[in-house]
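# Observations on the three-dimensional arrangement
Chain by chain, the residues:
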Amino acid sequence: MEDNQEEGPSGWVKLISDDGFTFILPEKAAQTSGFFKSTLNSTVGFQESETKVIRCGERAAVLETVVEYLVFKSEFGDSASKTAIPDFMKRIPAALALEILMAADFLDC
């Protein structure tokens, strides 16, 4: 596995799952997670705040749904419009529901 010294693309955050899969999402979406927001805060001084690469302790199947939710939340979270907001619950695989819940709790989503 490669070292996380590599930098993520500007304006984007790279998440690397426990099993080596990479997910790239907009920094705005990552900031909706309390954990990622504090990790990416430059005043805290974590290396991840400069490289925008975060290694997560979750497997790819779980992290994929978390990333989908963060993007969904950043897009529809503050929506005061009357447009229909799609139901995210239909996207959660029942077999992974408990793992996703635990990951979302830890990441403060």
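All of the points below concern the structure found in this document. (Residues numbered from 1 in each chain as written. Predicted model: local features only at pLDDT ≥ 70, side-chain atom pairs only at ≥ 80, totals over all residues. Heavy atoms only, no water.)

### Here's the deal with the overall build of the protein chain
Test applied: By definition, any uninterrupted DSSP run of H or I lasting at least four residues is a helix, any uninterrupted run of E lasting at least two residues is a strand, and each is numbered from the N terminus. Each residue is assigned to one of three classes by its accessible area relative to the maximum for its type, calculated with a 1.4 Å probe on protein chains only: buried under 20%, partly exposed between the two thresholds, exposed over 50%. Here a residue-residue contact requires only that any non-hydrogen atoms of the pair lie within 4.5 Å. Surface accessibility follows the Shrake-Rupley procedure with a 1.4 Å probe radius. Residue values consider only the protein chains on display as shielding.
Across its full length, the protein chain carries five helices and three strands. Secondary structure elements of the protein chain occur, N-terminal to C-terminal, as β-β-α-α-α-β-α-α. By residue count, 32% of the 109 residues in the protein chain fall in the buried class. Residue pairs in contact within the protein chain that sit at least 24 positions apart in sequence constitute 60% of those at least 6 positions apart. When the accessible area of the protein chain is evaluated, it comes to approximately 6,800 Å², of which 54% is carbon and sulfur surface.

### Quick notes on the nonpolar core
Going by this rule: Residues enter a nonpolar core if they are buried and are Ala, Val, Leu, Ile, Met, Phe, Trp, Tyr or Cys, with the set joined through side-chain atoms within 4.5 Å.
Counting 20 residues, the largest nonpolar core has Leu15, Leu25, Phe36 and Ile54 as its most contacted members. The greatest single-element share of this core, amounting to six residues, is contributed by helix α4 (residues 60–76). Look past the residues within four positions of Leu15 in its chain and what remains in contact with it is Phe21, Thr22, Phe23, Leu25, Phe36, Ile54, Cys56, Leu63 and Val67.

### Digging into the pairing of strand β2 (residues 22–26)
What counts, and what does not: Paired strands, in this sense, are two strands between which DSSP finds at least two bridges.
Alignment of strand β1 (residues 12–16) against β2, held across five bridges, turns out to be antiparallel. Residue pairing across strands places Leu15 opposite Phe23, the latter belonging to β2. Hairpin connection, β1 to β2: the antiparallel pair is bridged by five residues, and Gly20 has positive phi, about 95 degrees.

### With respect to the sheet that holds β2
As a reminder, the rule being used: In this analysis an axis means a line fitted to C-alpha atoms, helices contributing only their contacting stretch, and an angle means the value between N-to-C directions, from 0 to 180 degrees.
Spatial ordering of the open sheet is given by β2-β1-β3, a layout of three strands whose pairing is mixed. One side of each edge strand has no neighbouring strand; the edge strands of this open sheet are β2 and β3 (53–55). When strand polarity is set aside, the average angle formed by the axes of neighbouring strands in this sheet is 25 degrees. Packed onto the sheet, α4 meets β1 and β2 and runs at close to 5 degrees relative to β2.

By themselves, these figures tell us nothing about what the structure is for.
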